[in-house]
Amino acid sequence: MSESSKQFELADATHVRVLETNILHASDVIYWLDASSANTVAAMSRIEHFLELNITQKPAAIKFLNAVGKTAFWMTPTQPMIAGVTTDAQRQRPAVAPFVIAGTVVDHTGRFNPAAFSLSLGSGNGSAVTLFPAAAAVRLSAGGAVQGHIAFAADEAPLVWGLLTLTVTVGLAETIQFRAQTDAKGDFVMPLKRLPPLPLSATEYSAELRIDGLAGASATVPINVADLETLELESSSVQNDFANIIPLTIRPGEIKRITSFNKTFIAVRTA
């Protein structure tokens, strides 16, 4: 056999003839984010281990694949296989009608509190669900932390899955926000790892604390933080003085336990 014949046979053996093409587009993605990692959702880090996802609402035609840090959703193709090689126009992502995905997400390693969610997807831009570190899993940093237990004033029942927002004034008209969530026992730890050192002329930062929560929330049922309501907090210095926001002072590096006046916990009540 000649050398030219060998070359022809090799080229013919590697030639691929495309008979048909199946096109499949992702309809949307949910990203699972660490809510304590940044002030804004856009800057938050993805959770770097697998989370268990329980979908309670989804269109029948929508399929999904759960992976580390994200879950992709796509619609079962309605068009048949396309004969031959597809064109650029045929490969373009089609418009997708909005659809609702709802469910719960649980971290069985115990590092993050569980969460419920309900999202309208389909735009292809991606959506985020933020999870808060569990109190027992929080690592303290040089910036210090605030911690405590939250309970309702009327019966001292723990506030489970409550959301705390601490706004610290660090400069002229400049603030930093920190957030944390209570666990199933009503406990929280809020690390202040982004808190800057005090200016030479200051001995402490002024701060304000607010708490959102749900009376009657169950320790065994994850909640959607979007459903939380503003609660009133009892002052740390005046008994039976409740307000939506209470003032605090914060010092970098300090581990501070916050309590209401003459109590071992932060007392709250519905507004």
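**Details of the overall build of the protein**
Alright, step 1. Summing up its helical and strand segments, the protein has two helices and 19 strands in all.
Alright, step 2. Once local pairs closer than 6 in sequence are excluded, the contacts in the protein between residues at least 24 apart make up 64%.
Alright, step 3. For the protein, the exposed area adds up to about 15100 Å²; of that, 53% sits on carbon and sulfur atoms.

**Brief notes about the side chain of Thr-165**
Alright, step 1. Among the structural elements, Thr-165 can be located in strand S11 (residues 163–171).
Alright, step 2. Using a relative accessible area of 9% as the deciding quantity, one classes Thr-165 as buried.
Alright, step 3. Beyond its immediate chain neighbours, meaning those up to four positions away, Thr-165 contacts Gln-177, Phe-178, Arg-179, Glu-208, Leu-209 and Arg-210.

**Overview of the packing of aromatic side chains**
Alright, step 1. Evaluated as defined, the whole model comprises two aromatic pairs.
Alright, step 2. Here Trp-32 and Phe-117 contribute two aromatic rings whose centre-to-centre distance is 5.5 Å and whose plane-to-plane angle is 70 degrees, an arrangement assigned as edge-to-face. Of this pair, Trp-32 sits in strand S2 (residues 26–34) while Phe-117 sits in strand S8 (residues 115–121), placing them 85 residues apart in sequence.
Alright, step 3. Residue classification places Trp-32 among the buried positions, given a relative accessible area of 1%.

**Focus on the pairing of strand S13 (residues 187–191)**
Alright, step 1. Across the five residues of S13, four count as buried, placing the element largely inside the fold.
Alright, step 2. Direction of pairing for strand S10 (residues 145–152) relative to S13: antiparallel, over a ladder of five bridges. Looking across to S13, one finds that Gly-148 is bridged to Phe-188.

**Notes on the side chain of Asp-34**
Alright, step 1. Looking at where Asp-34 falls in the secondary structure, it is placed in strand S2.
Alright, step 2. The side chain of Asp-34 sits in the buried core without any salt bridge; Lys-193 is the nearest counter-charge, 5.3 Å away.
Alright, step 3. Engagement of the side chain of Asp-34 in a polar contact is seen with the side chain of Ser-36, the distance being 2.7 Å.

**As for the nonpolar core**
Alright, step 1. Leu-166, Leu-209, Ile-211 and Ile-266 are the most contacted members of the largest nonpolar core, which has 27 residues in total.
Alright, step 2. At the level of secondary structure, the elements contributing two or more residues to this core comprise S10, S11, strand S12 (174–181), S13, strand S14 (205–213), strand S15 (229–234), strand S17 (245–250) and strand S19 (266–270).

**Some thoughts on unusual backbone geometry**
Alright, step 1. One non-glycine residue with positive phi stands out, namely Glu-156, at about 65 degrees.
Alright, step 2. Checked against the element boundaries, Glu-156 lands in the loop between S10 and S11.
Alright, step 3. A positive phi angle is found at Asn-262, which is not glycine, with a value near 60 degrees.
Alright, step 4. Relative to the helices and strands, Asn-262 resides in the loop between strand S18 (255–257) and S19.

**Some details on the sheet that holds strand S3 (residues 52–57)**
Alright, step 1. A sheet is described by the order of its strands in space; here three strands give the open sequence S3-S7-S8, paired in antiparallel fashion. Of all the strands in the sheet, the pair left with one neighbour each is S3 and S8. Across this sheet, the average inter-strand angle for adjacent strands is 30 degrees, counted without regard to direction.
Alright, step 2. Looking at chain direction, S3 and strand S7 (residues 99–106) are connected through five bridges and run antiparallel. The partner of Leu-53 across the bridge, within S7, is Val-105.

**Some words on the pattern of salt bridges**
Between side chains of opposite charge, a pair can form as their charged atoms come close.
Alright, step 1. All chains considered together, the criterion is met by four salt bridges.
Alright, step 2. Of the charged contacts, one joins Asp-212 and Arg-210 as a salt bridge, the two residues approaching to 2.7 Å between their closest N and O atoms.
Alright, step 3. Classification of Arg-210 as partly exposed rests on a relative accessible area of 31%.

**Here's the deal with the environment of Thr-104**
Alright, step 1. In this structure, Thr-104 sits in strand S7.
Alright, step 2. Sequence-wise, Thr-104 and Ile-223 are 119 residues apart; in three dimensions their C-alpha atoms are separated by 8.4 Å.
Alright, step 3. When neighbours within four sequence positions are excluded, Thr-104 is seen to be in contact with Glu-52, Leu-53, Asn-54, Ala-115, Ala-116, Phe-117 and Pro-222.

**Some points on the environment of Thr-203**
Alright, step 1. Position of Thr-203 relative to the elements: it lies in the loop between S13 and S14.
Alright, step 2. Sequence spacing of Thr-203 and Thr-249 is 46 residues, and the spatial spacing of their C-alpha atoms is 9.7 Å.
Alright, step 3. Setting aside anything within four residues of it in sequence, one finds Thr-203 in contact with Leu-198 and Arg-251.

**Side note on the confidence of the model for the protein**
The predicted coordinates ought not to be read in detail in places where the model reports low pLDDT.
Alright, step 1. Averaged over every residue, the pLDDT of the protein is 88; residues scoring 70 or more account for 83%.
Alright, step 2. Counting interchain partners and residues more than four positions distant, the pLDDT-below-50 stretch residues 1–11 has two contacts.

The rules behind each value
Residues numbered from 1 in each chain as written. Predicted model: local features only at pLDDT ≥ 70, side-chain atom pairs only at ≥ 80, totals over all residues. Heavy atoms only, no water. Helix = DSSP H or I, 4+ residues; strand = E, 2+ residues; numbered from the N terminus. Contact = heavy atoms within 4.5 Å. Areas by Shrake-Rupley, 256 points an atom, 1.4 Å probe, with all protein chains shown as cover. Buried < 20%, exposed > 50% of the residue type's maximum accessible area, 1.4 Å probe, protein only. Phe/Tyr/Trp six-rings, centres within 6.5 Å; stacked < 30°, edge-to-face > 60°. Pairing = 2+ DSSP bridges. Lys, Arg positive; Asp, Glu negative; His and termini not counted. Salt bridge = Lys/Arg side-chain N within 4 Å of Asp/Glu carboxyl O. Polar contact = N/O pair within 3.5 Å; in protein donor to acceptor, adjacent residues only side chain to side chain. Core = buried A, V, L, I, M, F, W, Y, C linked by side-chain atoms within 4.5 Å. Axes fitted to C-alpha atoms, helices over the stretch in contact; angles between N-to-C directions. pLDDT = per-residue confidence, 0-100.

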